[in-house]
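Close look at the chain arrangement
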Amino acid sequence: MNNNIKTARLGWWVGIFFLLLALPAGAGTATDQTRATVDKVLSTLKNPGLKGDARREQLREAIYTRFDFVEMAKRSLGPHWSRRSPEEQQEFVRAFTELLARSYLDKIESFSGEKVAYSREQQEQDYAEVFTKIITKKGEEFSVNYKLHPVGGEWKVYDVVVEDISLVNNYRSQFDRILANASFDELLRKLQQKTPDF
């Protein structure tokens, strides 16, 4: 499978990783927490009493509460992170967080019967990776692996790898290209406006 096809699939299937953001505290291994989260988020999506803004608010709350956006933003900006002031770093995290939330809430809500199969977990002291497959109604399978680290007694997602493409690395490549020819302020503007570059 060539990189163009993989990149195209990344935009769709990476939305599934937001199913894993509401990780319950103290709930065992990273896989245990992942499985519990999938069940919880799917029940929210299937709840007939939750519609529109109310459902989106619950999903957004899960995302903002449980995903390590600071770590993901830092890794996505790469070496440029340490060159920014604390104020610029905070502004970047805010813009990056909002970009992801806006981009993938639609994809979460379009989840319609795909299945998640858990294959294995690799865990070290401060690192875990949960290996899964998304199985579509047509029987197609896509690998989706979640990288997590412990924060405050919980496992939190800081990267997702879809069909061997890292979300963090994908954003880092885009940011590097922009910053090679534009200012940091221009990058922030693109993030805030959610331009087609993203």
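Look above for the structure.
So, here is what we can say about the structure in this document. (Residues numbered from 1 in each chain as written. Predicted model: local features only at pLDDT ≥ 70, side-chain atom pairs only at ≥ 80, totals over all residues. Heavy atoms only, no water.)

Structurally, the position occupied by Lys-133 is in strand β2 (residues 127–135). Overall, Lys-133 belongs to the partly exposed group, its relative accessible area being 40%. C-alpha of Lys-133 to C-alpha of Glu-163: the two residues are 30 residues apart in sequence and 9.6 Å apart in space. With residues near it in sequence (within four places) discarded, Lys-133 still touches Lys-115, Val-116, Ala-117, Glu-141, Phe-142 and Ser-143. Among the polar contacts listed, one links the side chain of Lys-133 to the side chain of Glu-141, at a separation of 3.4 Å. (Helix = DSSP H or I, 4+ residues; strand = E, 2+ residues; numbered from the N terminus. Buried < 20%, exposed > 50% of the residue type's maximum accessible area, 1.4 Å probe, protein only. Contact = heavy atoms within 4.5 Å. Polar contact = N/O pair within 3.5 Å; in protein donor to acceptor, adjacent residues only side chain to side chain.)

Scanning all chains against the criterion turns up 5 salt bridges. The closest approach of N and O atoms between Glu-88 and Arg-84, which form a salt bridge, is 3.2 Å. You can call Glu-88 partly exposed: its relative accessible area is 25%. Across the pair Lys-133 and Glu-141 runs a salt bridge whose closest N-O atoms are separated by 3.4 Å. (Salt bridge = Lys/Arg side-chain N within 4 Å of Asp/Glu carboxyl O.)

Read across the open sheet, the 5 strands follow the order β1-β2-β3-β4-β5; overall the sheet is antiparallel. Edge positions in the sheet fall to β1 (115–124) and β5 (165–166), since each of these pairs with one other strand and no more. Judged from the 2 bridges that link them, strand β4 (residues 154–162) and β5 form a sheet pairing that is antiparallel. Across the sheet, the residue bridging to Val-162 is Ile-165, located in β5. (Pairing = 2+ DSSP bridges.)

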